[in-house]
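Here's the letter readout for the chains.
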Amino acid sequence: MLVRYNPWQELNTLERHINGLFGDTRVSSARVEKGFIRVPAAELYETDDAIHLKLELPGLEAKDLDIQVTEDAVHISGERKSETKTENTGTTKSEFYYGKFQRVIPLSARIQNTNVTADYKDGILNLTLPKSEQEKNKVVKVNLEQPAA
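Quick look at the structure, then. Everything quoted here is computed from the prediction, not taken from an experiment.

1. Observations concerning the pattern of salt bridges
- Summed over all chains, the structure comprises five salt bridges.
- In this structure, Lys81 and Asp64 form a salt bridge, with 3.4 Å as the shortest nitrogen-oxygen distance. Highlighted residues: Lys81 in the loop between strand 4 (73-80) and strand 5 (99-106) and Asp64 in the loop between strand 2 (50-56) and strand 3 (65-69), separated in sequence by 17 residues.
- Within the structure, one salt-bridge network assembled from shared partners comprises Lys63, Asp64 and Lys81.

Next up, the structure:
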């Protein structure tokens, strides 16, 4: 019997074995960017007047965040500091990420970066980014007149 060689089959088998080793400890790809640096998850939705950005930042205080908004992007950075314990008994296993992070979120429309409003509650940062007047007036409806018969 002749069997056709498939080089990808060996890679698929290797991938299954590696995934089995890690089990449920794998990190969601939404939380990882290039270089395996954890970044806050984001949710972005757009209305006619504004872009609304929601970022998940659990365990951080407002003073630990640096948010800068340009006309076409939001730059956010911060640091989640490690909580040190003085107890010498027991074992601690932590899956929390401590350290610095930064993320740049490009925007689909130009905004008025001087009129941005922010709300930070329960680890969720909500930014309302009003669109510039040029962006609001970008879509123009054209009426077609029917010629008189």
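So, next bit.
2. Here we look at the sheet that holds strand 3
- Ordered by their spatial adjacency, three strands build an open sheet running 3-4-5, and the pairing between neighbours is antiparallel. The open sheet terminates on both sides in strands that have one partner only, identified here as strand 3 and strand 5. Across the sheet, the mean angle separating the axes of adjacent strands is 10° when strand polarity is ignored.
- Here eight bridges tie strand 4 to strand 5, and the two strands are oriented antiparallel to one another. Paired with Gly78 across the two strands is Phe101, which belongs to strand 5.

3. Quick look at unusual backbone geometry
- Positive phi, close to 55°, is recorded for Asp122, a residue that is not glycine.
- Looking at where Asp122 falls in the secondary structure, it is placed in the loop between strand 6 (117-121) and strand 7 (124-130).
- Take Asp122: its relative accessible area is 72%, and that puts it in the exposed class.

4. A few points about the pairing of strand 4
- Examined bridge by bridge, strand 3 and strand 4 share five bridges and lie antiparallel to one another. Bridge pairing in strand 4 places Ile67 opposite Ile76.
- Count of turn residues in the strand 3/strand 4 antiparallel hairpin: three residues.

5. Description of the sheet that holds strand 1 (residues 42-46)
- In space, the four strands of this open sheet follow the order 1-2-7-6, with antiparallel pairing throughout. Edge strands, defined here as strands with exactly one partner in the open sheet, are strand 1 and strand 6. The average angle at which neighbouring strand axes cross in this sheet is 15°, direction not considered.
- As paired strands, strand 2 and strand 7 are joined by seven bridges and run antiparallel to one another. Across the sheet, the residue bridging to Ile51 is Leu129, located in strand 7.

6. Digging into the environment of Leu57
- Note that Leu57 resides in the loop between strand 2 and strand 3.
- Along the backbone, Leu57 and Gly78 are 21 residues apart, and their C-alpha atoms lie at a distance of 9.5 Å.
- Setting aside its immediate chain neighbours within four residues, Leu57 contacts Pro40, Leu65, Ile76, Phe101, Tyr120, Gly123 and Leu125.

7. Remarks on the nonpolar core
- Counting 17 residues, the largest nonpolar core has Leu53, Leu55, Leu57, Val74 and Leu129 as its most contacted members.
- Broken down by secondary-structure element, the contributors of at least two residues to this core are strand 2, strand 3, strand 4, strand 5 and strand 7.
- In this structure, Leu129 is in contact with Ala50, Ile51, Leu53, Val69, Val74, Leu107, Ile111 and Val116, ignoring residues within four places of it in sequence.

Analysis parameters
Residues numbered from 1 in each chain as written. Predicted model: local features only at pLDDT ≥ 70, side-chain atom pairs only at ≥ 80, totals over all residues. Heavy atoms only, no water. Salt bridge = Lys/Arg side-chain N within 4 Å of Asp/Glu carboxyl O. Helix = DSSP H or I, 4+ residues; strand = E, 2+ residues; numbered from the N terminus. Pairing = 2+ DSSP bridges. Axes fitted to C-alpha atoms, helices over the stretch in contact; angles between N-to-C directions. Buried < 20%, exposed > 50% of the residue type's maximum accessible area, 1.4 Å probe, protein only. Contact = heavy atoms within 4.5 Å. Core = buried A, V, L, I, M, F, W, Y, C linked by side-chain atoms within 4.5 Å.

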